[in-house]
Amino acid sequence: MTLRPRESPLRTFRQLWQRAPLWRLTGLLAGLLTLLCLLFPWRPPVAAPATATAQATYAPHPSPAVVPPSASAHATPPALSAAVTPAPVNQAPVQTAKLSLATPDNHGPTVDGLDGAIAGRRISGSLRVDGFDVPLPPGDWLQLSSGHFKQPTAAGELLTLGRVKDRRLVGYIRITAGRSVANPPAGFPGTPGCDRQNQNTNILVNEGQEPFGHQACWVMDHYFLVPLQAWADRSNKLPALERAAAGDLAAKGVSYPQEMISLRLTRAETWGLLEVRYVFSPEEDHITSNNVATYADSDWQPGMIDRYPEKVAYIAKLKRWGDDFWPRFKSAFSAGRQTPSL
């Protein structure tokens, strides 16, 4: 009995490959197709975008939209809009909204030429400062700067106000109001200029000058404003209150003349002090001055003013105002003793 070798799958494949050409061709095609499928896999076809069809160029004019009263009453004002929408076809383009500092009520221009959002509160009549109801000349006054002072025997408030017309400073007020904090009250030093009339003083009215005691006087001189124009220069030795006031005027866009006329009214007792400088602009009376470099060269110096009759008349006018206002000022100081600051 003859034993046949065991058939293996590989041997069987070789025999079929050699004896069956049709089977061999089928195997080659199957392998080739399998390779093509691996190299180029089938993907579902993507739909082509629809071709835009031609449209007529005519578009009817849209009818104006009707806004109900309830909607228009709450609509955002155009000047405050934060964004705009594109304009429809065949309509004029919508203009970009403009933002401004205009107040919502928009009552129109004011006498001072300043918008309320810039000017701030306008004060008239009188103003309470450290318990004193300080009387103010007629008109609307704007607060420019403020501060406090504290000494070993006294403390109080400092304040400046300005009256503006057409963005031009026509009035200025500087207030010092203080009270003794010592027990017993120690009073206040003598006010410079009240002891005697110096060469720069046009008017002096002195009813009492006792340092650290009874003081009651007022003086008139001219107030040179040119140094305020360099308020931002730290080498310019300005008092902090005046520097802040000049910066506020600059921020508001307010200009001021070269010089103005000042009446400084002072009342003091051992318990308190009220000193207010009321400053007026001769420009309101259409009075001008020569441009000068320093305070001492001013037309308003006592040795120079006699050359200008209109300036002499203006000083006389303010002297009458001071005489009329002085009793009112003294009453405000006396009433302040009954109303101490909190």
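Residues numbered from 1 in each chain as written. Predicted model: local features only at pLDDT ≥ 70, side-chain atom pairs only at ≥ 80, totals over all residues. Heavy atoms only, no water.

Caption draft 1: Spatial organisation of the overall build of the chain. Across its full length, the chain carries six helices and ten strands. Counting only residues that meet the buried cut, the chain has 35% of its 342 residues in that class. For the chain, restricting intrachain contacts to residue pairs at least 6 apart in sequence, the fraction spanning at least 24 positions comes to 59%. Of the roughly 22000 Å² of accessible surface on the chain, 59% is carried by carbon and sulfur atoms. (Helix = DSSP H or I, 4+ residues; strand = E, 2+ residues; numbered from the N terminus. Buried < 20%, exposed > 50% of the residue type's maximum accessible area, 1.4 Å probe, protein only. Contact = heavy atoms within 4.5 Å. Areas by Shrake-Rupley, 256 points an atom, 1.4 Å probe, with all protein chains shown as cover.)

Caption draft 2: Structural detail: the pattern of salt bridges. In total, this model carries twelve salt bridges according to the counting rule given. Across the pair Arg168 and Glu283 runs a salt bridge whose closest N-O atoms are separated by 2.9 Å. Highlighted residues: Arg168 in strand β6 (residues 168–180) and Glu283 in the loop between β10 (272–280) and α6 (309–336), separated in sequence by 115 residues. Owing to a relative accessible area of 26%, Arg168 belongs among the partly exposed residues under this scheme. Residues Lys311 and Glu310 are paired through a salt bridge, measuring 3.6 Å at the closest nitrogen-oxygen approach. Overall, Lys311 belongs to the buried group, its relative accessible area being 1%. (Salt bridge = Lys/Arg side-chain N within 4 Å of Asp/Glu carboxyl O.)

Caption draft 3: Molecular detail of the sheet that holds strand β4 (residues 141–150). Pairing is antiparallel across the open sheet formed by eight strands, whose spatial order is β1-β4-β5-β6-β10-β9-β8-β7. Each edge of the open sheet carries a strand with a single partner, namely β1 (122–123) and β7 (203–209). Looking at chain direction, β4 and strand β5 (residues 154–165) are connected through eight bridges and run antiparallel. Bridge pairing in β5 places Lys150 opposite Ala155. Sheet contacts for helix α5 (residues 240–252): β4, β5, β6 and β8 (215–224); angle to β4, the most-contacted strand, approximately 155°. Against the sheet, α6 contacts β6, β7, β8, β9 (259–269) and β10, and its axis sits at roughly 30° relative to β9. (Pairing = 2+ DSSP bridges. Axes fitted to C-alpha atoms, helices over the stretch in contact; angles between N-to-C directions.)

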